[in-house]
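Chain by chain, the residues run as shown.
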Amino acid sequence: MGGLNALVSAGLCLFPAVVLSAAAAQDPAPVLAHATTPEGRAILLRLQFRKGLGVEGKMLPRAFLSKGVDPGGWVPFESLSPEGKRWALAALFPEDLWRQDEVRHRVRYPEVESVWTMAALFTGHGQNYDRLMAENPDLPEKLRVGDLWRIPRTLLSLDLGGAGRGPDRSQPEDELDDEARVSAYRGLLSFGEDPLGKYAAYRMRKGEALYSSVVIRYTDRVDPKGVNELADAIARRSGIEDVRGIQPGQLIKIPLKFLADPFQSEGSSGLAEEREVRAEVRRTVRVEAGPKLKGVRIVLDAGHGGVDSGARANGIWESDFVYDIAMRVRRLLEQETEAQVSSTIRYPGLGFKSREAIVTPSGSAEILTTPPFAVDGESPSAISVHLRWVLANDLFASFRKAKGEAQKTLFLSFHADSLHPSARGSMIYVPSAALVPSTFALGGAKTGHVSEARRSAWVAFTGREKLQGEARSRQFAETLLRALQKERIAVHANRPIRNVIFRNGGKWVPAVIRYSTGATKALIEVSNLTNEDDAASLREPGFRERYAVAVVNAVRAYYRK
Ligand SMILES: [Zn+2]
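Attention in this report is confined to the structure presented alongside it. (Residues numbered from 1 in each chain as written. Predicted model: local features only at pLDDT ≥ 70, side-chain atom pairs only at ≥ 80, totals over all residues. Heavy atoms only, no water.)

## Overview of the sheet that holds strand S2 (residues 42-48)
- Overall, antiparallel pairing links the four strands, which are arranged S1-S2-S3-S4 in an open sheet. Where the open sheet ends on each side, the last strands, each with one partner, are strand S1 (31-36) and strand S4 (74-76). Sheet twist, expressed as the mean angle between neighbouring strand axes with direction ignored, is 30 degrees.
- Here S2 runs beside strand S3 (residues 52-56); their pairing, made up of four bridges, is antiparallel. Within S3, the position partnered with Arg46 by the bridge is Gly54.
- Contacts from helix H2 (residues 82-92) reach S1, S2 and S3 within the one sheet, and its direction differs from that of S2 by about 80 degrees. (Pairing = 2+ DSSP bridges. Helix = DSSP H or I, 4+ residues; strand = E, 2+ residues; numbered from the N terminus. Axes fitted to C-alpha atoms, helices over the stretch in contact; angles between N-to-C directions. Contact = heavy atoms within 4.5 Å.)

The structure is reproduced here in structure tokens:
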């Protein structure tokens, strides 16, 4: 019975097929260029694939460095002063033309340059790459030596004398809570019909792109392939020849079958379910536990591990990085609260410690069942996925048996995904009440020797429990988003809370939260590894610590009336 379900759920963060080719081993060698400062000192510049531009620091004039930057080693481009940035770009790209209204950038090093790098260097944000492509509709995304890219002054960073527009897909809805935001998005649609069938109509606004502001927002697709394919299909349906030439005001027709539940037409079952859950969220009263989280039972799960390193892109991989965040959360909860905390997984060489530097994927991990279950080559990772909820549910059962309050149980699973690169930041999955089964029992002889499986390898949920599960989890997700934003951690610009995963035509809730008997449960995708800014953040131990602080702050804020 577990077979197919298990495989599907194990595939959750496995979008790596598209990006795996960017493995470190295949990265092209960095380009080194000699330059001379205005004072005549020789300095080396280094342009690295995906890592951007660095400048040799030791001979660099003070005026070329931002305040407080240590001039040792390679100074990243971002740490240069405006003057330093202009000098470095002119030194590396002497053929560029700096005009009053635009920069004309001539591609010199196509093996290490990319549209993303160009956007990062000239506009200050790699995420402006789609704008840059829209400004240069005749040039291919794959750079060629000599191609002349136009970077209008309006896109140049402030430091380079431009308008400094951030990747401001920001729209008025961004400030709203999830329910108000989703209904505002819905309000932007109108429904129509033409000879090709029924559709929802959307008018593009300034700063919006088809794949983010239409596909990622209005459908359940977030994986690169699914998003690109649907963007193409919707463009064709809307009579658009080239998605890069879309202007504000353009009418987009989204066939109804692609819409996520909250955007389905009146009278549809999807919309009815959405409204039922929203009503339940409003009715559900928060549980109070005080700032010390007394009487709260928390189980932390870090996705993947052992033979399964999870999603991979931009030189990092999922397992070790999310394990590190989970360990930091564990430490903070243990130090600062009275909550009872357990983990589902441990890396034997490391224990429950966090790390500053993460260099290579850890080869071994064990699910902390009795006896521990090694996530190794012998054991299909699908079983270890199921043992996580089995273990957590078993811990929750003992807690309730010992007179713990059922409503004070919390299950958090940490992951990172590799989505369409335009998506940046955290996304939180909660279990859709409609997709949680009424009963489920884990079959298979392989778990027979695990004590927890003998006691807790089955679940049963009433309709009421499913609805409450989604409602409480949504309340938590909302609280977590606010805590992340307070720590200035990026969250998805479009619908950062989702209740289904949609991929390859299938729709499901990840097994670890689908079968969790925790009153509140969430699967947190901390970062989109395909997004270069996200990958760079996750590499920083300081970011992982801030992330953990935000999670713990969210847990505290959640258990307050
Ligand atoms: Zn994952």
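That was the structure; now back to the text.
## Some points on the pattern of salt bridges
- Evaluated as defined, the whole model comprises 38 salt bridges.
- Ionic pairing is found between Arg278 and Asp178, a salt bridge with its closest N-O pair at 2.9 Å. Here Arg278 is found in helix H8 (residues 269-283), whereas its partner Asp178 is found in helix H5 (residues 178-187), with 100 residues between them in sequence. As far as the burial class goes, Arg278 and Asp178 line up, both buried.
- Close ionic contact of Glu266 with Arg186 constitutes a salt bridge, the shortest N to O distance being 3.9 Å. One end of the pair, Glu266, is in the loop between strand S10 (251-255) and H8; the other, Arg186, is in helix H5, with 80 residues separating them in the sequence.
- Classification of Glu266 by relative accessible area gives exposed; the value is 56%.
- Residues participating in the shared-partner salt-bridge network are Asp324, Arg328, Arg331, Glu356, Arg544 and Glu545. (Salt bridge = Lys/Arg side-chain N within 4 Å of Asp/Glu carboxyl O. Buried < 20%, exposed > 50% of the residue type's maximum accessible area, 1.4 Å probe, protein only.)

## Considering the sheet that holds strand S11 (residues 297-302)
- Reading across the sheet, the six strands line up as S14-S11-S18-S25-S19-S22 and stay open at both edges, with mixed pairing between neighbours. Both edges of this open sheet fall to strand S14 (340-343) and strand S22 (497-498), since each of them pairs with a single strand only.
- Examined bridge by bridge, strand S19 (residues 427-429) and strand S25 (residues 520-528) share three bridges and lie antiparallel to one another. From the neighbouring strand, Ile428 faces S25, where its bridge partner is Ile524.

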